[in-house]
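Structural description and commentary
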Amino acid sequence: MSLKKEAAGKPEPKRNHFHIPANPDRLKAKELQERHTKRLNNSKPVEMTNEIIYELLMDVLAKQEVLERKLDNMMSGKPAVTPQWISRDGL
Amino acid sequence: MPNYYAQLNKAGKVIGISQLAGEVVSEGLIPISVEQYESENLLMSRYENGAFIGQKAVLEADKSVIIADGSDMVILRASVIDISSVSQDTAKAEVIQDITFELNGVQQTVPLINGYAEISISSEEPGEYVIRTVNLDYNAELLVVAADVS
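As a starting point, this report considers the structure included with it.

Conventions used here
Residues numbered from 1 in each chain as written. Chains lettered and ligands numbered in written order. Predicted model: local features only at pLDDT ≥ 70, side-chain atom pairs only at ≥ 80, totals over all residues. Heavy atoms only, no water. Phe/Tyr/Trp six-rings, centres within 6.5 Å; stacked < 30°, edge-to-face > 60°. Buried < 20%, exposed > 50% of the residue type's maximum accessible area, 1.4 Å probe, protein only. Lys NZ or Arg CZ within 6 Å of the ring centre and 35° of its normal. Contact = heavy atoms within 4.5 Å. Salt bridge = Lys/Arg side-chain N within 4 Å of Asp/Glu carboxyl O. Polar contact = N/O pair within 3.5 Å; in protein donor to acceptor, adjacent residues only side chain to side chain. Helix = DSSP H or I, 4+ residues; strand = E, 2+ residues; numbered from the N terminus. Nonpolar A, V, L, I, M, F, W, Y, C, P; charged D, E, K, R; others polar. Pairing = 2+ DSSP bridges. Axes fitted to C-alpha atoms, helices over the stretch in contact; angles between N-to-C directions.

Next up on the list: the packing of aromatic side chains. Residues and elements named next belong to chain B. Within the structure shown, the criterion is met by 3 aromatic pairs over all chains. Ring centres 4.8 Å apart and planes at 50° place the aromatic pair Tyr47 and Phe52 in the tilted group. What makes Tyr47 partly exposed here is its relative accessible area of 27%. Overall, the relative accessible area of 4% leaves Phe52 in the buried class. Between Lys56 and the ring centre of Tyr138, over which it is positioned, the NZ or CZ distance is 5.0 Å. Residue placement shows Arg77 over the ring face of Tyr116; its charged tip is 4.0 Å from the ring centre.

Another aspect to go through is the interface of chain A and chain B. Each side of the interface is counted separately: chain A has 20 residues, and chain B has 23 residues. Counting the contacts that link chain A with chain B gives 1 salt bridge. A salt bridge links B:Glu125 to A:Arg26; the shortest N-O distance between them is 2.8 Å. At the junction of chain A and chain B, the tally comes to 14 residue pairs in polar contact (both at pLDDT 80 or more). Mapped onto the side of chain A that touches chain B, the elements with two or more residues apiece are α1 (3-7) and β1 (16-20) of chain A. Counting residues per element, the side of chain A that touches chain B draws most heavily on β1(A), at 5 residues. A per-class count over the side of chain A that touches chain B returns 10 nonpolar, 6 polar and 4 charged.

Residue and element names in this part refer to chain B. Sheet topology places strand β9 (residues 98-103) next to strand β12 (residues 127-133); 3 bridges connect them, and they run antiparallel. By the bridge assignment for β12, Glu102 is matched with Arg132. Two strands pair when backbone bridges link them, and β12 and strand β13 (residues 141-147) are joined in this way by 6 bridges, in the antiparallel orientation. For Glu128, the partnering residue across the bridge sits in β13 and is Val145.

With that out of the way, let us pick up the environment of A:Glu65. You can see A:Glu65 is positioned in helix α3 (residues 50-76). Separated by 18 residues in sequence, A:Glu65 and A:Glu47 place their C-alpha atoms 29 Å apart.

Let us look at the sheet that holds strand β1 (residues 3-8) of chain B. Residues and elements named next belong to chain B. The strand order across the open sheet formed by 3 strands is β2-β1-β3, and the pairing between neighbours is antiparallel. With partners counted over all chains shown, the strands left at the sheet margins are β2 (14-20) and β3 (29-31), one partner each. Pairs of neighbouring strands in the sheet enclose a mean axial angle of 30°, with direction left out of account. Here β1 runs beside β3; their pairing, made up of 3 bridges, is antiparallel. Each bridged residue has a counterpart across the sheet, and for Gln7 the counterpart in β3 is Leu29.

Further remarks concern the side chain of B:Glu125. Looking at the secondary structure, you find B:Glu125 in the loop between β11 (116-123) and β12. A polar contact is formed between the side chain of B:Glu125 and the side chain of A:Arg26, at a distance of 2.8 Å. Look past the residues within four positions of B:Glu125 in its chain and what remains in contact with it is A:Ile20, A:Pro21, A:Ala22, A:Asn23, A:Arg26, A:Val81, B:Ala68 and B:Ala146.

Below, the structure written as structure tokens:
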């Protein structure tokens, strides 16, 4: 069964299924890294505005938040992602 | 005659099999035959009413690596083997109705249909995941790898 196909409206036989969703922290870290790489590739801004400083600061804090959550999960032994269960019940 | 024994824990579960130099009389050591000593199934079975009984899970998968794109999936099939060491006329085999699977701390029970319990796994998160059965005497586990798409 394909979840994407099912979501697209193509009926397929259902089964008992574990789906492991993407880790939101990994996606956020990837997004921050991509933004940082883009900044590094661009030339230095001629004018440093409050908006630019604010954006930089928010990215630093967001990165810190992701790292802290990752550390908390490691310390507690909690898995980073919780699987979703799709049951055949109700068929 | 060799002295073969099954060692039981307090719950009556076989936690060891051994060949001893002499005869030993103990509540926790049950004399067994050569066939039972050589059997792979005796360990982790339960000793009840003079017989070794238990259920063993066998877990099979159609593949071991999936792409972590949310749609690729592995199909797992679990079956149950009766590991009772006695003939069916002296002990009634236990009937298992369902198998409980665990993945990353999440447990779900699937009924056995035609002797099998089937589940599938898909993932959007790369990594290694261990799927295991938890409700049988001798449980099975399998490693599933979700490979990064990027």
